Amino acid sequence: MPPDQPETTDAPALLRRGHAGCRVLLAEDNPVNRLVAEELLRSVGLVVESAGDGALALEMARSRPYALILMDLQMPVIGGLDAARAIRARSGPQIPIIAMTADDSPCDRAACLAAGMNDHVAKPVNPSELFATLLRWLAPSASDRDQLRA
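Now for a description of the structure that goes with this document. (Residues numbered from 1 in each chain as written. Predicted model: local features only at pLDDT ≥ 70, side-chain atom pairs only at ≥ 80, totals over all residues. Heavy atoms only, no water.)

### Points about the nonpolar core
Alright, step 1. Residues Leu41, Leu46, Leu68, Leu70, Leu130, Phe131 and Leu134 are the most contacted members of the largest nonpolar core, which totals 23 residues.
Alright, step 2. Breaking this core down by element, the ones donating at least two residues are α1 (11-19), β1 (23-27), α2 (31-43), β3 (68-71), β4 (97-101) and α6 (127-137).
Alright, step 3. At five residues, α6 tops the list of elements feeding residues into this core.
Alright, step 4. With near-sequence residues (within four places) excluded, Leu41 lies in contact with Val24, Leu46, Val48, Leu70, Leu130 and Leu134.
Alright, step 5. Counting 20 residues, the second largest nonpolar core, distinct from the first, contains Leu25, Ala61, Leu73 and Met117. (Core = buried A, V, L, I, M, F, W, Y, C linked by side-chain atoms within 4.5 Å. Buried < 20%, exposed > 50% of the residue type's maximum accessible area, 1.4 Å probe, protein only. Helix = DSSP H or I, 4+ residues; strand = E, 2+ residues; numbered from the N terminus. Contact = heavy atoms within 4.5 Å.)

### Some thoughts on the packing of helix α3 (residues 54-63) against helix α4 (residues 80-91)
A packed helix pair is summarised by two numbers, namely the angle formed by the two axes and the spacing between the axes.
Alright, step 1. One way to put it is that α3 packs onto α4 with a least axis distance of 9 Å and a crossing angle of 20 degrees. Classified by the angle between their axes, α3 and α4 sit roughly parallel to one another. Two packed elements cross with a definite hand, and for α3 against α4 that hand is right-handed. For the pair formed by α3 and α4, the contact residues are Gly54, Leu58, Ala61 and Arg62 on the first element and Ala83, Ala86, Ile87 and Arg90 on the second. (Axes fitted to C-alpha atoms, helices over the stretch in contact; angles between N-to-C directions. Parallel < 35°, antiparallel > 145°, perpendicular 65-115°, else oblique. Left-handed = near helix turned anticlockwise from the far one by under 90°.)

### Details of the pairing of β1
Alright, step 1. Burial within β1 is extensive, with five of its five residues counted as buried.
Alright, step 2. Both β1 and β3 contribute to a ladder of four bridges, which runs parallel. Within β3, the residue paired with Ala27 across the bridge is Met71. (Pairing = 2+ DSSP bridges.)

### Let's talk about the pattern of salt bridges
When the charged atoms of two side chains with opposite charge come close together, those side chains can pair.
Alright, step 1. According to the stated counting rule, one finds six salt bridges in the structure shown.
Alright, step 2. Where Arg42 meets Glu38, a salt bridge forms, and the shortest distance between an N and an O atom there is 3.7 Å. Highlighted residues: Arg42 and Glu38, both in helix α2, separated by four residues, approximately one helical turn.
Alright, step 3. Arg42 gets classed as partly exposed once you look at its relative accessible area, which sits at 41%.
Alright, step 4. Among the ionic pairs, Lys123 bridges to Asp72, the shortest N-O distance being 3.4 Å. Residue Lys123 is found in the loop between β5 (119-122) and α6, and its partner Asp72 is found in the loop between β3 and α4; the two are separated by 51 residues along the sequence.
Alright, step 5. For Lys123, a relative accessible area of 17% gives the class buried.
Alright, step 6. Connected through salt bridges with shared partners, the residues Glu28, Asp72 and Lys123 form a single ionic network. (Salt bridge = Lys/Arg side-chain N within 4 Å of Asp/Glu carboxyl O.)

### With respect to the sheet that holds β3
Alright, step 1. Spatially, the five strands line up as an open sheet ordered β2-β1-β3-β4-β5, and their pairing is parallel. For this open sheet the edge positions go to β2 (47-51) and β5, each flanked by a neighbour on one side alone. Direction aside, the axes of adjacent strands within the sheet are offset by 25 degrees on average.
Alright, step 2. Those strands touched by α4 are β3 and β4, and its axis lies near 155 degrees from that of β3.
Alright, step 3. Relative to β5, α6 is tilted by about 165 degrees, and along the sheet it contacts β3, β4 and β5.

### Description of the packing of aromatic side chains
Aromatic ring pairs: the centre-centre distance and the angle between the two ring planes describe each pair.
Alright, step 1. For the coordinates displayed, the defined rule picks out zero aromatic pairs.
Alright, step 2. Sitting above the plane of the Tyr66 ring, Arg23 keeps its charged end 5.8 Å from the centroid. (Phe/Tyr/Trp six-rings, centres within 6.5 Å; stacked < 30°, edge-to-face > 60°. Lys NZ or Arg CZ within 6 Å of the ring centre and 35° of its normal.)

As structure tokens, then:
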């Protein structure tokens, strides 16, 4: 269950104030989608590291801590569901994994949750929805935040 979401109409400002400098992993194989997502995330002060396929995302998630992972489902080498399962098997539930995919049916959402993902953001990405979801899940303590900063 996600932490309580603050009531806000200014999610970008809250993200910049509370989470600027936090490192997130973006797993997205489509170059245009990756560029758009990177710009949105950087606009609120997050440090973005990107992986263009599921295998690279898995390797990166194993090599260093992230405050959050945004994971596309349809990726080459290893799909997002399998990558999420592998991350959960190794790291447990500590890191939030958010599906960011065009697959938006209730069945797809259920598959994401069953694979160990925490939440789901539909593409094309609505910035307000993305920022609200980030606020729900980016909630490390001050000591965690220091470790997760780039």
